Amino acid sequence: SGVYWMFYYGADFTETTDSDGATAEGLVSRPGLALSQDGFHWARIEGDHWSGALLDHGEDGEWDALGVEGPHVVSGKQG
């Protein structure tokens, strides 16, 4: 038995300005994390953001102003 990690993202409707200066209102995403010992019952890990997300999106005009999504786990070669 081990611990399962689930990375996911959630979104809300927020008006923001992207790095090209275009204003958009739509889904602005933020990543989250939950852990489980059996793969059925999950406990959300609360981040510092008011929504509980691990990371917030960037400020207006920054490259990540429209959100942070698509979390992945990358395994590096050991040795």
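These remarks concern the structure in this document. (Residues numbered from 1 in each chain as written. Predicted model: local features only at pLDDT ≥ 70, side-chain atom pairs only at ≥ 80, totals over all residues. Heavy atoms only, no water.)

## Quick look at the side chain of Arg30
Link 1 in the chain: Assignment of secondary structure puts Arg30 in strand β2 (residues 23-36).
Link 2 in the chain: With a relative accessible area of 9%, Arg30 lands in the buried category.
Link 3 in the chain: Only 3.3 Å separates the side chain of Arg30 from the side chain of His49, close enough to count as a polar contact.
Link 4 in the chain: Polar contacts involving the side chain of Arg30 include one to the side chain of Asp56, which spans 2.7 Å.
Link 5 in the chain: Residues within four places of Arg30 in sequence aside, it is in contact with Tyr8, Tyr9, Gly10, Asp12, His49, Ser51, Ala53, Leu55, Asp56, His57 and Val68. (Helix = DSSP H or I, 4+ residues; strand = E, 2+ residues; numbered from the N terminus. Buried < 20%, exposed > 50% of the residue type's maximum accessible area, 1.4 Å probe, protein only. Polar contact = N/O pair within 3.5 Å; in protein donor to acceptor, adjacent residues only side chain to side chain. Contact = heavy atoms within 4.5 Å.)

## Describing the side chain of Asp64
Link 1 in the chain: Mapped onto the secondary structure, Asp64 falls in the segment after β3 (43-45).
Link 2 in the chain: Despite its burial, Asp64 remains without a salt bridge, the nearest opposite charge being carried by Arg30 at 10 Å. (Lys, Arg positive; Asp, Glu negative; His and termini not counted. Salt bridge = Lys/Arg side-chain N within 4 Å of Asp/Glu carboxyl O.)

## Focus on the environment of Asp20
Link 1 in the chain: The residue Asp20 is located in the loop between β1 (4-17) and β2 in this model.
Link 2 in the chain: Residues Asp20 and Glu62, spaced 42 residues apart in sequence, show a C-alpha to C-alpha distance of 8.9 Å.

## Thoughts on a negative patch on the surface
Link 1 in the chain: Residues Glu15, Glu25, Glu59, Asp60 and Glu62 make up a contiguous surface patch of negative charge.
Link 2 in the chain: Within the secondary structure layout, Glu59 lies in the segment after β3. (Patch = residues over 30% accessible without salt bridge, like charges linked within 9 Å, V, L, I, M, F, W, Y side chains within 5 Å. Areas by Shrake-Rupley, 256 points an atom, 1.4 Å probe, with all protein chains shown as cover. Charge placed at Lys NZ, Arg CZ, Asp CG, Glu CD.)

## Side note on the pattern of salt bridges
Link 1 in the chain: Scanning the model with the defined rule gives two salt bridges in all.
Link 2 in the chain: For the salt bridge of Asp56 with Arg30, the shortest nitrogen-to-oxygen distance reads 2.7 Å. Pair noted here: Asp56 is in the segment after β3 and Arg30 is in strand β2, with a separation of 26 residues, a long-range link.
Link 3 in the chain: With a closest N to O distance of 3.7 Å, Glu46 and Arg44 form a salt bridge.
Link 4 in the chain: Here Arg44 falls in the partly exposed class, since its relative accessible area comes to 41%.

## A few points about the environment of Gly58
Link 1 in the chain: Note on placement: Gly58 falls in the segment after β3.
Link 2 in the chain: Here Gly58 falls in the buried class, since its relative accessible area comes to 7%.
Link 3 in the chain: Residues Gly58 and Ser19, 39 residues apart in the sequence, show an inter-C-alpha distance of 10.0 Å.
Link 4 in the chain: Discounting residues that sit within four places of it in the chain, Gly58 has contacts with Asp64 and Ala65.

## With respect to a nonpolar patch on the surface
Link 1 in the chain: Judged by side-chain polarity, Val3, Trp5, Phe7, Ile45, Leu54, Leu55 and Val73 come together as a nonpolar surface patch covering roughly 670 Å² of accessible area.
Link 2 in the chain: Mapping Val3 onto the fold places it in the segment before β1.

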